[in-house]
Amino acid sequence: MSANERATRALKEILQNPGNDACADCGAPDPDWGSCSLGVFICLACSGIHRNLPDVSKVKSLSLSHWEDHEVQFMSENGNELMKIKYEAAVPFYYYKPTYKDCQTLKEQWIRAKYERKEFSEPWKNFTYEEGIKDGLLMKMGRDNGQFLSRRFVLSEREGTLKYFTKYDAKEPKAVIKVDTINATFQPKKIGNPNGLQITYLKDYSTRNIFVYHDNCKEIVDWFNTIRAVQLHYLKVAFPGSTDAELVHKLTRNFLKEGQMEKTGPKHTEGFKKRWFTLDQRRLMYFKDPLDAFAKGEVFLGNKGHGYSASPGLPAGTHCNGAWQHGITIVTPERGFLFTCESEADQQDWLKHFNNVMNAVMSPQEYTMEALFKHKH
């Protein structure tokens, strides 16, 4: 057996150790790369980010690269679990740890924060995300013209608000957003920028979207995690008996699903029109364009035991005017909604998400939201 074959076999055995079966950075299953300078096993996507940190990380393919005996030994003595204890010793609860499904910007900054800046290696370190205020310029998309213009944003923990100003020295903000109504989610494809961030908030019980980016990916991720830090502070005041671990799921969240479907009007006699749909927990919103500031409409998805259901197909006699033949019928206590999808796979995926939401137990806040929804509509 050659030295290379011996090394490959040894690395495969080390992969069986607890924690080494998933990427150390994003959790992707079956990592096939390793950093022989950090002692961690990583996926192909994260290995590309590590390669951009030559002073910190030296990456090799587990099956294609030549491994020296001392490198194999180093991997054996370290590995993902031990290095997690070292490099993730003090990750704050609010800091968003990306998964393999997240965008490149989030993953890159997580990897740089861990290994290059060593942000989380020392307990009791002061984090920039916890300074209580963040003030700076972001590129924001205009509501009517789609152009991105520089705007000043100010996030204040003391006030519990995010404000933005059309001019840097303006006295009055264009908008004052309460942090407890904010959601923020990275949307590089939708916004057309690798650092694109969608900020969603409630305005008069309606959902409002703003789209921003910053040329510096560290800066936009800093904004994102500072929003989460301020939200956690706000929640700890609002729910004094709760632990950080209990509150963290109330911070920003990714949408459950987004994409195009066609829908018809309330009487089900109008033609089906293409709309962009966003499923955000129990709110199904639809927009004429993915980058619209306001939804054209919203559907609240309550619990199945309270008159809500989602099923494949459309009622008999419904006329589909286009090529999209894969129907979905959603029934709420107030009315029925009819949608069509382009493919059966898309229809099944939407149905899976709708049913997961409707099967979940509702929280007290969701009952309040349902009551407001019924009052508004």
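By the naming in an unreviewed UniProt entry, the protein is Arf-GAP with dual PH domain-containing protein 1-like isoform X1, taken from Cottoperca gobio. Quoted straight from UniProt, the Subcellular location (unreviewed entry) entry for the protein says "Cytoplasm".

A. Inspection of the overall build of the protein at higher detail. For the protein, the helix and strand inventory stands at 10 helices and 17 strands. Seen through its principal axes, the protein has C-alpha atoms that stretch 75 × 55 × 45 Å. Out of the 377 residues in the protein, the part that is buried amounts to 48%. Within the protein, contacts between residues separated by at least 24 positions form 52% of all contacts whose residues are at least 6 apart in sequence. About 19,100 Å² of surface is accessible on the protein, with carbon and sulfur atoms providing 51% of the total. Of the side chains in the protein, 51 bear a positive and 47 a negative charge, and the two mean positions are spaced by 6 Å.

B. Representation of the sheet that holds strand E3 (residues 59–61) in the model. Strand order in the open sheet formed by three strands is E2-E1-E3, and the pairing between neighbours is antiparallel. Single-partner strands in this sheet number two, and they are strand E2 (40–42) and E3. Put simply, the sheet's adjacent strands are angled 30° from each other on average, direction ignored. Two elements, strand E1 (residues 33–35) and E2, share three bridges in a ladder whose sense is antiparallel. What sits directly across from Gly 34, in E2, is Phe 41.

C. Spotlight on the UniProt feature "domain: PH" (unreviewed entry) in the protein. The feature "domain: PH" (unreviewed entry), as given by UniProt, occupies residues 131–232 and 254–359 in the numbering adopted here. Between the C-alpha atoms that bound residues 131–232 there is a distance of 13 Å. The span itself is 20% helix and 45% strand.

D. Helix H7 (residues 217–238), seen in detail. Under the 1.5 Å per step criterion, the end-to-end length of H7 is 32 Å for 22 residues, consistent within 8% with the ideal 32 Å. Capping the start of H7 is the job of one residue whose side-chain oxygen sits 2.8 Å from the backbone nitrogen of Lys 218: Asn 216.

E. Summary view of the packing of aromatic side chains. Summed over the entire model, instances satisfying the criterion amount to 19 aromatic pairs. When the ring of Phe 186 is compared with that of Phe 224, the centres are 5.2 Å apart and the planes differ by 75°; the resulting orientation is edge-to-face. Placement of the pair is Phe 186 in strand E8 (residues 183–186) and Phe 224 in helix H7, with a sequence separation of 38 residues. The same class applies to Phe 186 and to Phe 224, which are both buried. An aromatic cluster is built from Tyr 94, Tyr 95, Trp 110, Phe 120, Phe 127 and Tyr 129, whose rings are joined through pairwise contacts. Against the face of Trp 67 rests Lys 60, its NZ or CZ located 5.8 Å from the ring centre. Its end group placed over the ring of Trp 350, Lys 257 keeps NZ or CZ at 5.0 Å from the ring centre.

F. Focus on the domain arrangement of the protein. Along its sequence, the protein is organised into domain 1 (3–116), domain 2 (133–249) and domain 3 (257–375). Computed from C-alpha coordinates alone, the two centres of domain 1 and domain 2 are separated by 32 Å. The interface of domain 1 with domain 2 comprises nine residues on the first partner and 16 residues on the second. Across the interface of domain 1 and domain 2, roughly 1,100 Å² is buried in total on both sides, 74% from carbon and sulfur atoms. When residues of domain 1 are sorted by the area they lose upon contact with domain 2, Phe 93, Tyr 94 and Thr 105 head the list and together hold 51% of the total. Between domain 1 and domain 2 we count zero salt bridges in total. The interface formed by domain 1 and domain 2 includes four residue pairs in polar contact (both at pLDDT 80 or more). Across the side of domain 1 that touches domain 2, the residue classes break down as six nonpolar, two polar and one charged.

G. View of the sheet that holds strand E14 (residues 297–300). The strand order E14-E13-E12-E11-E17-E16-E15 describes an open sheet built from seven strands, whose pairing is antiparallel. The two strands at the open ends of the sheet, each matched to only one other strand, are E14 and strand E15 (309–312). Here the average twist between neighbouring strands, direction ignored, is 35°.

H. Main features of the UniProt feature "domain: Arf-GAP" (unreviewed entry) in the protein. Look at the UniProt record and you will see "domain: Arf-GAP" (unreviewed entry) annotated at residues 8–135. Along residues 8–135 the backbone is 36% helical and 9% strand, and the end-to-end C-alpha distance reaches 51 Å.

I. Representation of unusual backbone geometry. The backbone of Lys 118 sits at a positive phi, close to 50°, despite the residue not being glycine. Here Lys 118 is to be found in the loop between helix H5 (104–116) and strand E4 (133–141). Lys 118 sits in the partly exposed class, given a relative accessible area of 40%. Even without a glycine there, the phi angle at Gln 281 is positive, about 55°.

J. Broad picture of the packing of helix H2 (residues 44–51) against H5. Interaxial distance between H2 and H5 falls to 10 Å at its minimum, and their mutual angle equals 55°. The angle between the axes of H2 and H5 places the two elements in the oblique class. The crossing of H2 and H5 is right-handed. Within the contact between the two elements, H2 uses Ala 45, Cys 46, Ile 49 and His 50 and H5 uses Gln 104, Lys 107, Glu 108, Ile 111 and Tyr 115. Taken together, the residues that form the contact of H2 with H5 break down as five nonpolar, two polar and two charged.

Rules and cut-offs
- Sequence order as written defines residue numbering, which begins from 1 separately in each chain.
- Local features in this predicted model are restricted to residues of pLDDT 70 or higher, and side-chain atom pairs are both shown and tallied only at a pLDDT of 80 or more, whereas totals for entire chains, interfaces and linings draw on every residue.
- Just so you know, side-chain values use all the structure's heavy atoms and leave hydrogens and water out.
- UniProt positions are given in the numbering used here, feature names are shortened, and annotations may be inferred rather than shown by experiment.
- Secondary structure elements are taken from DSSP: a helix is a run of H or I of four residues or more, a strand is a run of E of two residues or more, and numbering for both begins at the N terminus.
- Whether a residue is buried, partly exposed or exposed follows from its accessible area with a 1.4 Å probe, protein chains only, as a fraction of its type maximum: under 20%, in between, or over 50%, in that order.
- The criterion used for residue contact is that any of the two residues' heavy atoms lie within 4.5 Å.
- Areas reported as accessible are Shrake-Rupley estimates using a 1.4 Å probe. Residue values count occlusion only from the protein chains shown.
- Counted charges follow a simple rule, with Lys and Arg positive, Asp and Glu negative, and His plus the chain ends left uncounted.
- Charge placement uses NZ in Lys and CZ in Arg. For Asp and Glu, CG and CD serve respectively.
- Only strands joined by at least two bridges in the DSSP assignment are considered to pair.
- Every axis corresponds to a line fitted to the C-alpha atoms, with the helix fit spanning only the stretch in contact, and the corresponding angles, defined between N-to-C directions, vary from 0 to 180 degrees.
- Helix span is expected to be 1.5 Å times the residue number reduced by one.
- Whenever a nitrogen or oxygen atom comes within 3.5 Å of another N or O atom, the pair is scored as a polar contact, on the condition that within protein one atom can donate a hydrogen and the other can accept it, and that pairs from neighbouring residues in sequence are kept only if both atoms are in side chains.
- Paired rings are identified among Phe, Tyr and Trp, the last through its six-membered ring, by centres lying within 6.5 Å, and are further divided according to the angle between planes into stacked (under 30 degrees), edge-to-face (over 60) and tilted (the rest).
- Criterion for a charge above a ring: Arg CZ or Lys NZ at most 6 Å from the ring centre, at most 35 degrees from the ring normal.
- Each domain span listed reflects an automatic or database assignment of domains.
- Buried area: the accessible area, evaluated with a 1.4 Å probe, that two parts lose upon being put together, summed over both parts.
- Definition used for salt bridges: Asp or Glu carboxyl oxygen within 4 Å of a side-chain nitrogen of Lys or Arg.
- Classes in brief: Ala, Val, Leu, Ile, Met, Phe, Trp, Tyr, Cys and Pro nonpolar; Asp, Glu, Lys and Arg charged; the others, Gly included, polar.
- By definition in this entry, angles of less than 35 degrees are roughly parallel, angles greater than 145 are roughly antiparallel, angles of 65 to 115 are roughly perpendicular, and the rest are oblique.
- Rotating anticlockwise by less than a right angle from the far helix to the near helix defines a left-handed crossing, while the corresponding clockwise rotation defines a right-handed one.

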